[in-house]
Every structure is written in C-alpha cells, then in structure tokens.
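Structural description and commentary
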Number of protein chains: 2
Amino acid sequence: MYRTHTCGELRAANIGQTVTLAGWVQRVRKMGGMTFVDLRDRYGITQLRVDDSSAEAVRTTAARLGREFVIQATGVVEERASKNAKIPTGDIELNLTGITVLNESAVPPFTIEDESDGGEDLRARYRYLDLRRNPLKNALMLRHRIAHEVRNYLDGKNFLEIETPFLIKSTPEGARDFVVPSRMNPGQFYALPQSPQTFKQLLMVAGYDRYFQIVRCFRDEDLRADRQPEFTQIDCEMSFVEQEDVLSLFEGMMRHLFKTIHNFDIPNPMPRITWYDAMDSYGSDKPDIRFGMKLHELSALLQGHGFSVFDGAEYIGGIAVPGAAEYTRKQIDELTEWVKRPQVGAKGMVYIRWNADGSIKSSVDKFYTPEILQQAAEAAGAAKGDLVLILCGAKRKTQTQLGVLRIEMGNRLDLRKPFDYAPLWVVDFPLFEWDDETQRFYAMHHPFTAPKPEHLDWYYSNKKEDLERVCANAYDFVLNGVELGGGSIRIHEAEVQKRMFEILGISAEDAEAKFGFIINAFRFGAPPHGGLAFGFDRVCALFGGQETIRDYIAFPKNNMGRDVMLDAPSEIDQTQMDELCLASVLKPE
Amino acid sequence: MYRTHTCGELRAANIGQTVTLAGWVQRVRKMGGMTFVDLRDRYGITQLRVDDSSAEAVRTTAARLGREFVIQATGVVEERASKNAKIPTGDIELNLTGITVLNESAVPPFTIEDESDGGEDLRARYRYLDLRRNPLKNALMLRHRIAHEVRNYLDGKNFLEIETPFLIKSTPEGARDFVVPSRMNPGQFYALPQSPQTFKQLLMVAGYDRYFQIVRCFRDEDLRADRQPEFTQIDCEMSFVEQEDVLSLFEGMMRHLFKTIHNFDIPNPMPRITWYDAMDSYGSDKPDIRFGMKLHELSALLQGHGFSVFDGAEYIGGIAVPGAAEYTRKQIDELTEWVKRPQVGAKGMVYIRWNADGSIKSSVDKFYTPEILQQAAEAAGAAKGDLVLILCGAKRKTQTQLGVLRIEMGNRLDLRKPFDYAPLWVVDFPLFEWDDETQRFYAMHHPFTAPKPEHLDWYYSNKKEDLERVCANAYDFVLNGVELGGGSIRIHEAEVQKRMFEILGISAEDAEAKFGFIINAFRFGAPPHGGLAFGFDRVCALFGGQETIRDYIAFPKNNMGRDVMLDAPSEIDQTQMDELCLASVLKPE
C-alpha cells in the first residue's frame, strides 16, 4: 500500500503521528521560505508543508511539483498555524519528511476545480480529468449509493436480481433497435434490448414472482437534448399482484431512498392523480406539484361574448400567475412571443391583469365587461395582484401548451427548488393513443399493458371512440415534473394479447414471427403480473438536484451519440467487415 | 394481492387459519373421493385437499385442473393425515373452500421435475418452463445471493460501483469484437466491450481509487463448449496498491462469499503457487489441489538407458495413481488411447505398475532394471499398489498433457468432490507468450500488465530469451482446477506502455489510433494501480457445485451462439439495413 491514510481522514486527533498519503497535487503555494501543497484524492484534501527546516531532497522535489502530479508524501501531522474551517482536515497539515513523485502530469487543458474553465467539448474529450472535479465525483458516489440502497431494499423484499441477455432479437414496436451482426450466422443480426420487457414477463411465467435488475438499455433514436443511446433502468416485475400492490411496494422503495439518501420523509401516502386530472389541472402527464398555478377551464365563462377566436375554440383555459399583475406590457408581449415559438406552438395569448387596486385590464377588454373578466380571473384561481394567462384551441393540445407555460412561469418565479421533493403517482392512463398521420392506434405504454377489466367491452369493440376511452392499469412515478418511472399490470391471457396486436395493426403472422415465443409462453400458465421500470440516470440526477443526466453517467455520449473521448463510433477494418459478410452502402451526399 | 401466504410458508402453527395461496399445479392425485393437488410457487409446495364435503364448485373446478394450471386457492390449514417429512410444509394441507383458475396451461412439452424428461434442445426452446425446475431456480437464487454479497463486501471496503459504457470503440488486442453499426454515423461502428479494462484504468486516472462493477462483457469467439458470447464479470480496480494489497482484499472477498453462502472457512492465508511451480507440479496454470498426484520429472533417472524415445526427449514426467496397480492391461491400453486422442495429444504412454507385493511391471521392462523402475516410481511419489503413468516430449507441452491426465485420473478416482473447496493464487506469470506461427509475442494477460520492476532490464532487451523470462505482477484466483479470476498490477507510466506496444508489434500509429486516448490519459498523472476480474458465471456455477455455467444464466445461448427460444440472431428488415447503410454480402457456399 502506498499510503497509511487517505487525504480526507486526518484530524487534530492524529497530531504527532507519522503518516503517508498519496494523491494528486491540487495546488502549490510558495510563501517566503515555505511551500504549501494541497494534496487531493477521492476522499478530500490535506495540506502538506515544506519549509527551510525540511530535508534538501524534500525541498528539491517540492520545488518541481506541478498541478496534477501524482505524489506519495510522508510527514508528521501538525496543528496548522491558520486553520481552514471549510475542509474537514483544515485543522492540521503534514510537515513533510519524504516525498516521491509517482507520476508527473502534463498541464491539464482545464482547471480541476468545482467551477472549471473548460468548455463542454474539451471536458468531454478529457472526461477522465473532468471526473476528477468534485461535482462529478459527488454525482458518481451518489449513483453508487442509490444503486446500493435500491438493491438492499428489493433484496429485503424477496426480489431476485436476474440478469437478462443483451444479444436478443429485433422487435417491431417502440423505438429503433441497435443491431449486432452475427459472424457465425451471416446475414443475421442480434438486437440490443430497449428494455428487458419480454424477459421479465417470461420470468413471471417461469415462476420468479419478484424480479428486478439494474440494467443497461439501448435505443437508436434521433437524439434530443439529454437523451443517451444507452441508459440504465431499475427494472422490476411481480406476480400475483394488483396495481395497489405494485404502487405500495415501489412507493416504499422511493421512501427508503429519500430517507437513506436525503433523510427526507416523503408524504405517506403519496399523492395520486389520474391521467385525465393531470391533463386537466396541469396540462401534463408528469405534473410538477411543488407549486399550484393549476389550469382552469374558462370556456363556459368566456364563450358567447362575440370574441370569435374563443367562440370557435374547443377549449379555453387559463393559469393565474401569482403577483404578476405588475408585469409590463413589454414583459407580457415577450411571454406571448414565447408561447408562439414552435416548441410551444400556441397561436396567441390573452391576459387578464387583476391589479392590486382591484382594477382589471385585459387584451380582450372590448369583448368582455370587467365583471366577466373578474369572474374569469377568479375561476382561474387568481386574486388581486395576479396575472391570468389564457390559451385556447383543441383541448389536449391547448392544455399541453398551458402546462409548458405553467412550468416556465414556475421557473421564472423560482417556485421549483431542486431539493424540494414532491413525488406522486399518475394513474389510469388511456390504453391507446390515436395517431392521425398513420391513422392507427399506438400503445401508450407498450403492447403488453392490460386494459382495465371494467373496460373490456370497449376493448373488444371496433369503434374508435370506444377504444379511445379504454383505460389501462398503468402508472407513472413522477417527481418534480419529471417522469422517473412507469409501468402497468400486464396482459396474462393469450386471447387479450391477441386482441392487442390486432388493435395495434400487428398481423397474426408478424406477431407470430416477432412475439411467437411469448404468445407461446402464455399458453403454459402465465400468472397475473405487473411491474415497472425507473430511469436510473434520471433518478440519480434528481436526487443530486439536477435535471440533466450527463454528469451522473461516468462516460456519456454527446448529442450526436458520439463518445468524443474514445472517438467512437469509428470505421472498422475491412477484415472485420468481410468476416461479418457486410458492405457499407453509403448514400450519395 | 392474490395470496396471503406463499406455498413454502405454512406450518403446523398455522393450523386453523383460513389462507389464500396462488401458484402452479405440480400434480393432481385422485384417491377415492379425495383429490390432492400439489400447488407450487418459487417458495415451495403446499398440498391442497378436496373431498366429498367440499363445495360443489370447488369439486368441479378441481376435477378439471391440469399440470401447470395457475390457480388461486383458499382454504383452512389442517393437519395432514399422513405427513411428508421431505418438505417444510409436509405437516399440513389446505382443506379448500374456494378455487379459481387464473390461467390454464397446455400440457408442457416435458415434465417440470428435478430430473426432467426433456432433452437439452427442447428445454432450451421452452426455457421459461425449464426455469420452473428446482435445479435452475436454485441456481438463479444462488446467483442473486452471491452478487448481493459481493456488493455488500466491496461497498463495505469503500469500493464504488461505476457503470461503464457498452457502445465503445473496437480495439485490436484480444478476441474478436461484436460491433454495432451506427445509423447516425454511416459506415462507422461501435464495439461491445470485451471487458471494461480501459475504462477502469481511466477511472483510476480520474482518482476513483476503488472501483468495481458486475458487468456484462462480449466476445465474438468461435464457441467452445461452455463458452457464451456474452458473460458477466466482477470487475475491480484499485489505486495506490501493490500486488499484496490486491490479493489480500480479494482473498477477503472470497472468504466472505464462502462464509456467507456455504458457512465454509477457506484456509487463512490461502495457498499461493508461482506459475512455474504450477506447471512443473500440476501441468496446469490452474491446478486442482484438492488431490495430490503431482507431476515429477524423471528425466535424470530414465535417460541414458538405451530407450531412444526417452533419451531424445526434452522432458520425462510421471504421476503416481494411488491404488491403481490393479489396473488390467486392457484398462491401461484404454488410458493410452485416451492420452493419444487429439484433445490431449501425447504420442504414447509408459507405465510402471508397482504391485502390492512389491513386484514391478512396466511397458519398458526391457530397457530398465526393476531397481531403476522402482526408483522412478518412488521419484514419481508412488508406493506399493500404485500405478505410475509417464509421458515425454517438449517440456511445457508434456507437462500440460500430464496435467490433463492427472485431472482425468482424479475424476476416475472420484477425488474431485464438488463441495470440497481448495482455492489458491497462482502468481508470477510470464509477461509474454511467444507464438511460433505468427512469430511474435502476445501478452499473456493483456497489454496493460506491468512487468515486475526487477525484470525491467529484460523488458527493455531486444533478445527473445530475455523477453521470455520477464515476469508480470499478475495473479489468477483458481478454485478446484478452474480459473475464476485474474488480474495484474498495471503499467502506469507512458514510457513502459509504449515499450509494451512495441514488443507486441503494435505500431506507434496503430497504438495512437486505437489507444491514443489512454496513452494520452497517462500523461496527466496516472497513479500506480492494479486490479482483477472474476468470471461471475463460473463463480456461481462452482458455488453451486457445477462446472458448467449454462444453468446459472437465465437465458443462455447454445453452442452456436443462438438463443433458440427467441430464435436470435435473425434477419432484419431491409429498411433497417438501408437506414444503417449496410448490405449483406453472403459468401458463396
């Protein structure tokens, strides 16, 4: 061992001891005849001192130290002349008797400090240096701790962690698969799993009634900000359970995590909301309930007064922004432009300003009396001093726009504190989503989600409006406006599964070819079962008080799916291509 | 919840309680007016009873139950008339008051019993049914338990589990990579990791001084029996350590596993042997030391007596098979044929039979006096009643053949008991292996393994014989003749790494192209570090008393790398090929 202690360990109680540390040179300061070195390792920083009384060899070596040199330092623990209350080792320093340079370092391309001077690209290329910085180190330590507590909790509940394969078969639903050419079977490919969904269901058929896995998944999607082509799930499944059993067990898991990681007690029981209520009240299926500012429908109040835009709308809704009556016309205009950006997509915005003095001002003054406007403001939940923002149009689309606006106003008013946690379950999702473009239904969760038993008549109906109102025993775990996890009770009867494929337009032949093995498996005694999966990267980020996941992944890809440190993906040798019986067919530019 | 208890839970103490169970019908027996149903779940089996006094609905449903039906059964716990001491629930049965068929089952294609009547292929196709059998269920439960204990131990030692990427860059050393075409970067490929080797070393550079991961790895090798294209490693790395630190920490981990899983104390300290001694004494770099029968060199004794085969051999060695002097000529002939099979490759075999009465008989009687033969038998470690088997030829090759013969004799004499554990470290491996065919050196471990500091002169020599004797600070953990893990102290100095690439014939350009990022990383303060990896599948198998890993993997591939349950790999849609800018170039038959 190169050291007797770590750099985060020594205290006043160690004074007088001779110890050896090893680590990286964070900083060298020369003050007159004295040299102070901050030595850093994963555990902390300890100050080393070299002065005129030090041995010549020690002084010579200390004189040539540079940033990020790796050294081994032996010395006597002494009380510091000027203590540093900011670090746990701040009471002491090491009076060096020996020092060895274990490895030199070139000057790093950016500073290894909490706030680095390196740009994102540079830090990505030198990820191994960026990972030396405290924010990333703390993120990865948190990630380890959360994974360990998840496993402790689930192990304690009799769950088995069972590893499922990565080289599987390409499936037609969901996002695009990454594929892996098989050399031993030329012309054939494996696929990397988008999730272990079918395997966990097979494990239920196999009788493993409580399964989990912290597992990598892969999706070849066109990347959006903060999406990774590979990501990690906490994947879980249970047999002989109803929705209530699943919710209560995983509510317990999140309770355990909040308690052990943050010593924070989440509400017991946790709030629940139906998908329909979430859309109506928050304009989102993943509402941030840390603040109010709920959506209110104003159609009945505001229609029939001659304002044609409102009169022709399916839905009119508003939110009351507290204390925002003082917004200037310019600020309101800017907000109007903001909601008209393509990312939000509103056609325009109406406001009602209910001033602190009780007076009312609105962009649609000429169609409405102050009384009506005040009624509308009150219906939107406003009080004097508030600003009501109103959008209109197709119902769900408008609600979604209002939901986005609500989050934006929450951000602007600083109502979304990172370490203020408001988890909830969203339940009773519609089973299907209709897509106008392709004129077909898609599974809102995935094609193994069971319809609510009380909706089976609609499920077997051929009418679009019946199918649209079929609900699923599906649920999402939402925290602070982020969907952290979701799942459902699954179909365990072969007949119900066949009907699902039929509704989704998957032909019997296709279903047989792609899912034959699972349809077949269900013939041999599938138990009632259900489960869920959490996005582990996002769980870690939110527990760390962040919404972006990249710092919580040791070696992430960039927005183009590239690992810029490795320079991957890259071309491979022609011999590799030949062995795989593959040729590149690059499209003309 | 569909049940109040599991099928492994009820005891005499529960008599009189009304309970509900759910599970699979293992067996139905009708005896007169009574029907007994064995109900099975992951936790055990409970007997259900239906008789003339049962409600008619219960009797009707019970009458139509078939094997593997999934049912929910409610009843009163009663004392059994005839108890079954073989199962924990054998004192009681459930007198049914209600029964619901949750799902029917087609007749399974093989019996769900400890000894199934299904062949290997059939069971692989219906893996989800095979997994219902106790041997597989116990294997996966053991696997979960071992993984959990590994994590507990390493977490307790301040190790962080850090996930490394799966979509990485193809590297030139070692086995063939599986590759993943990138749709977003046409003509380019990711590779799946053969191990996280470079990442764990980068994590050491990044200052994460104790890393581990239980992680999937991939190798596109021509499959041998009991090899899987994807397999799981316990991967570990430490900084500021010497070989002794690594050995003692992971000896501690194995000690913890043996204690918690089997309540077995492995020797403290564990035995160690150098690679050279292992080859000389056991003819193997992974010796099974549960039994003796060591190799002994007999060259000095047996050369110079006119037997030209021996006289011309580089090496003559023998093993003494205890009590085997009674082997018939036919048995010895069969053994001779056995060592001449291509898998072993010996040219022939000489025996010395030292009979219990003290007389000596040998196949080379005419060249040697009985006194010489007895001296040779004694030198081989034999006593009266033993049989000495002798091979000769090139030294390491012959030792290896003797090592294989030794294991075979150990098997035949039943000296290799599955639950008798004899772990040891094999240390001081040669750094390089010379390959005659390609006329170049290969890294015996991998190209990041450090030479022993005391061998650096040889390492920088250009003479083949110098390079051949360079030893590595490398070590293997061996259990019962199986290499369970291995590792080394790594090169942390850029200069030493460059020399390694040079010796391995990797050009500076190639090294820069393939390993540029890690060579570069080493310029910024790499600490001294080392680690190891255990083959997790094999650890689980050996802890389960097996040598084959397939039962310890939930969904394994067959020897052709196929998942016969999924029917993967398989062809993909032309649209997928087009999106990837790939074309299949199948070779003519």
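Residues numbered from 1 in each chain as written. Chains lettered and ligands numbered in written order. Predicted model: local features only at pLDDT ≥ 70, side-chain atom pairs only at ≥ 80, totals over all residues. Heavy atoms only, no water.

1. Let's talk about the packing of helix H10 (residues 329–340) of chain A against helix H12 (residues 395–412) of chain A
Residue and element names in this part refer to chain A. Which entries qualify depends on this criterion: To obtain each axis, a line is fitted to C-alpha atoms, and for helices this fit is confined to the stretch in contact; angles are then taken between N-to-C directions over 0 to 180 degrees. Secondary structure follows DSSP: runs of H or I at least 4 residues long count as helices, runs of E at least 2 residues long count as strands, and numbering of each begins at the N terminus. For classification, angles of less than 35 degrees are called roughly parallel, those exceeding 145 degrees roughly antiparallel, those between 65 and 115 degrees roughly perpendicular, and all remaining angles oblique. Should the near helix be turned counterclockwise from the far one by less than a right angle, the crossing is left-handed, whereas a clockwise turn marks it as right-handed. It only takes one pair of heavy atoms within 4.5 Å for two residues to be counted as in contact.
Remark: H10 packs on H12, axes separated minimally by 11 Å, with the N-to-C direction vectors making an angle of 135°. One way to sum up the angle between H10 and H12 is to call them oblique. Every pair of crossing elements has a handedness; the one defined by H10 and H12 is right-handed. Of the residues in H12, those in contact with Glu334, Leu335, Trp338 and Val339 of H10 are Val404, Leu405, Glu408, Met409 and Arg412.

2. Details of the sheet that holds strand E21 (residues 482–489) of chain B
Residues and elements named next belong to chain B. Counted only if it meets this: Following DSSP output, two strands are said to pair if at least two bridges run between them.
Across the sheet, 8 strands lie side by side as E6-E9-E10-E22-E21-E20-E17-E11; this open sheet has mixed pairing. In this open sheet, the two strands that pair with only one neighbour each are strand E6 (160–161) and strand E11 (272–274). In this sheet, strand E22 (residues 529–535) lies alongside E21 in antiparallel orientation, the contact comprising 5 bridges. The residue of E22 that forms the bridge with Gly486 is Ala533. Contacts from helix H6 (residues 243–262) reach strand E9 (210–218), strand E10 (230–239), E11, strand E17 (423–427), strand E20 (474–479), E21 and E22, with the element oriented near 30° to E22.

3. Here's the deal with the confidence of the model for chain A
Under the convention used in this document: A residue's pLDDT is the predictor's confidence in that residue, given on a scale from 0 to 100.
Counting all residues, the mean pLDDT for chain A is 95, and 99% of those residues have values of 70 or more. Per the prediction output, this complex has pTM 0.95; the corresponding ipTM is 0.94.

4. Quick word on the sheet that holds strand E13 (residues 315–321) of chain A
Residue and element names in this part refer to chain A. If you walk across this open sheet you meet the 5 strands as E12-E13-E16-E14-E15, and the pairing is antiparallel. Two strands lie at the open edges of the sheet, namely strand E12 (296–297) and strand E15 (360–362), each paired on one side alone. Here strand E14 (residues 350–354) runs beside strand E16 (residues 387–393); their pairing, made up of 4 bridges, is antiparallel. In the strand pairing of E16, Val350 is matched with Ile390. Taken strand by strand, helix H11 (residues 370–379) contacts E12, E14, E15 and E16, and its axis lies near 95° from that of E14. Sheet strands in contact with H12 are E13 and E16, and its direction is about 10° off that of E13.

5. Quick notes on the interface of chain B and chain A
We count it as follows: By buried area we mean the combined loss of accessible area, with a 1.4 Å probe, across both parts when two parts are placed together. Basic side-chain nitrogens of Lys or Arg form a salt bridge, by our definition, when they fall within 4 Å of a carboxyl oxygen of Asp or Glu. Distance and chemistry together define a polar contact, namely a pair of N or O atoms within 3.5 Å, with one atom able to donate a hydrogen and the other to accept it when in protein, and with adjacent residues in sequence counting only for side-chain atoms on both sides. Each residue is assigned to one of three groups, with Ala, Val, Leu, Ile, Met, Phe, Trp, Tyr, Cys and Pro labelled nonpolar, Asp, Glu, Lys and Arg labelled charged, and all others, Gly among them, labelled polar.
Each partner contributes residues to the interface: chain B has 131 residues there, and chain A has 131 residues. For the chain B and chain A pair, buried surface summed over both sides reaches about 11,600 Å², with 58% attributable to carbon and sulfur atoms. Taken together, chain B and chain A are joined by 20 salt bridges. Counting the contacts that link chain B with chain A gives 81 residue pairs in polar contact (both at pLDDT 80 or more). Tallied by class, the residues present in the side of chain B that touches chain A amount to 70 nonpolar, 25 polar and 36 charged. For strand E23 (residues 582–584) of chain A and strand E23 (residues 582–584) of chain B, the ladder comprises 3 bridges, and the chain directions are antiparallel. Residue A:Leu582 lies in a different strand from E23(B), and its bridge partner there is B:Ser584.

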